[in-house]
Amino acid sequence: NPSGTARVVVALDSDQTSAHRKLTGRVALYIRHGGDRLSVGERIGFTSTLRRVEGFGNFGEPDWEAVNARQGLFVSAFAWNEQDIERLPPSAGSTKGHAVPATPGSRLTRLLGDDPAAALVIALVTGDRTRLDSTTVDSMRAAGLAHVLAISGLHVGIVAGFVVWAVHALALRSPLARAGCDVVRPAAAAALVALVAYAAMGAGGVSVARASVSGALSLRALFIGPAARPFR
């Protein structure tokens, strides 16, 4: 979230009981600082007051209560920072039947190892910042480079631009180009496929979707009009 607040969906452990009754279901947990470093499938403990999700927006704004209800979320909780979250050891009983999905970040971790530089590479490529230590994140923010850790137009543009350049350069050396065939449109088509695949892999959410739509429209422009110049 641009404001720095992370929203985490937590499945309550039915084996744990409150002072009054057993708790089950899911909760939208808002963490004001540092929540982006939590991993999918991680067990955590926290103390907070559960509040019913309600919409207080003006007329014409999205109904936040209805949006959460469609996701099966009816209550929310709040934690100020990561220090208010206790990381719990894995429990076979609480994770039974719920496999943690493999993410691009986890695959890169197995490939690159646990080196701090590898964590930075994973964040730059996939937007997964859960492996970065707080010192590195703070240093990136102080240097004004925090935006490169969020997958958005910069990353999507680099991927699409590189594929257009690479396919276009290879096509120019093929017999098809010497025969007068169009080599720009195949390059744009390949870039569109790469853009969709990268958007599906990234962890940027809305920013990736926005950049991908803009990139797709730009690639679509290569199919319109005569003698389109791909690098314009």
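About the criteria used
- For every chain, the first residue of the written sequence is number 1, and numbering continues from 1 onward in sequence order.
- Where local features are concerned, this predicted model is filtered to residues with pLDDT of at least 70; where side-chain atom pairs are given and counted, the filter is 80 or more; whole-chain, interface and lining totals use all residues.
- Only heavy atoms go into the side-chain values, all of them from the structure, while hydrogens and water stay out.
- Put simply, DSSP marks the helices as runs of H or I at least four residues long and the strands as runs of E at least two long, and each gets a number from the N terminus on.
- Two residues qualify as a contact provided that any one of their heavy atoms is within 4.5 Å of a heavy atom in the partner residue.
- The patch calculation keeps residues exceeding 30% relative accessible area without a salt bridge and links them within 9 Å when they carry like charges or within 5 Å when they are nonpolar (Val, Leu, Ile, Met, Phe, Trp, Tyr).
- The accessible surface values rely on the Shrake-Rupley method and a 1.4 Å probe; as for residues, cover is taken only from the protein chains in view.
- The salt bridge definition used is simple: a Lys or Arg side-chain nitrogen within 4 Å of an Asp or Glu carboxyl oxygen.
- Nonpolar core, defined: a set of buried Ala, Val, Leu, Ile, Met, Phe, Trp, Tyr and Cys residues in which side-chain atoms within 4.5 Å join the residues together.
- A 1.4 Å probe rolled over the protein chains alone gives each residue an accessible area, and that area as a share of the maximum for its type sets the label: buried under 20%, exposed over 50%, partly exposed in between.
- For Phe, Tyr and Trp, where Trp contributes only its six-membered ring, two rings pair if their centres lie within 6.5 Å, and the inter-plane angle classes them as stacked under 30 degrees, edge-to-face over 60, or tilted in between.
- A residue's pLDDT is simply how confident the predictor is in it, with values from 0 to 100.
- In short, DSSP must find at least two bridges between two strands for them to pair.

Asks: Go over the side chain of asparagine 81 with me, naming the residues and quoting the values.
Replies: Tracing the backbone through its elements, the reader meets asparagine 81 in strand β5 (residues 75–81). Sequence-distant contacts of asparagine 81, that is, excluding residues within four places in its chain, are made with Ile31 and His33.

Asks: Which residues make up a nonpolar patch on the surface, and what values go with them?
Replies: A cluster of nonpolar side chains, Leu111, Leu112, Val121, Leu124 and Val125, forms an exposed patch at the surface whose accessible area comes to about 400 Å². Contributions of two or more residues to the nonpolar patch are made by α2 (104–112) and α3 (116–126). The element contributing the most residues to the nonpolar patch is α3, with 3 residues. With respect to the helices and strands, valine 121 occurs in helix α3.

Asks: Can you break down the nonpolar core residue by residue, with the values?
Replies: Ranked by size, the top nonpolar core spans 15 residues in total, and within it Val156, Val164, Ala191, Leu195, Leu219 and Leu222 carry the most contacts. For this core, the secondary-structure elements that each account for two or more residues are α5 (153–172), α7 (184–201) and α8 (206–221). Element by element, the count of residues in this core is highest for α7, at 6 residues. When near neighbours in sequence (up to four residues on either side) are disregarded, leucine 219 contacts Val164, Ala188, Ala191, Leu192 and Leu195. Counting residues in each nonpolar core, the second largest holds 10 residues, with Val8, Val10, Val27 and Ile31 among its members.

Asks: Can you break down the side chain of serine 76 residue by residue, with the values?
Replies: By the element assignment, serine 76 lies in strand β5. We classify serine 76 as buried; its relative accessible area is 16%. Leave out the neighbours within four places in its chain, and serine 76 touches Val27, Ala28, Tyr30, Thr49, Leu50, Arg51 and Val53.

Asks: Can you explain the packing of aromatic side chains? Please cite residues and give values.
Replies: In total, this model carries 2 aromatic pairs according to the counting rule given. Judged by centre distance (5.9 Å) and plane angle (40°), the rings of phenylalanine 162 and tryptophan 165 are tilted. With phenylalanine 162 and tryptophan 165 both in helix α5 and 3 residues apart, this pair spans about one turn of that helix. The class for phenylalanine 162 is exposed, based on a relative accessible area of 53%.

Asks: With reference to specific residues and values, describe the confidence of the model for the protein.
Replies: In this model, the protein carries an average pLDDT of 76, and 77% of its residues clear a pLDDT of 70 or more. Low pLDDT, under 50, characterises residues 93–100; the predicted model gives this stretch 6 contacts beyond four residues in sequence or across chains.

Asks: How would you explain the pattern of salt bridges if you had to name every residue and give the values?
Replies: Pairs can form between side chains of opposite charge once their charged atoms are near each other. Under the defined criterion, the tally for this structure stands at 1 salt bridge. The partner of arginine 52 in a salt bridge is glutamate 65, with the nearest N and O atoms 3.3 Å apart. A residue pair is termed long-range when its members are at least 10 positions apart, and arginine 52 in strand β4 (residues 51–52) and glutamate 65 in helix α1 (residues 64–70) qualify at 13 residues.

Asks: So what's going on with the sheet that holds β5? Residues and values would help.
Replies: Within the open sheet, the 4 strands sit side by side as β1-β2-β5-β4. Their pairing is mixed. If you trace the sheet from one side to the other, it starts and ends with β1 (6–11) and β4, each paired once. Pairing geometry for strand β2 (residues 26–33) and β5, over 5 bridges, is parallel. Bridging across to β5, leucine 29 finds its partner in alanine 77.

Asks: An account of the pairing of β1 is requested, with residue identities and associated values reported.
Replies: Each regular strand carries side chains that alternate between the two faces of the sheet. Burial of the side chains of β1 is restricted to one face: Ala6, Val8 and Val10 are buried, whereas none of Arg7, Val9 and Ala11 on the reverse face is. Note that β1 and β2 share 6 bridges and pair antiparallel. When the sheet's bridge partners are listed, arginine 7 is paired in β2 with tyrosine 30.

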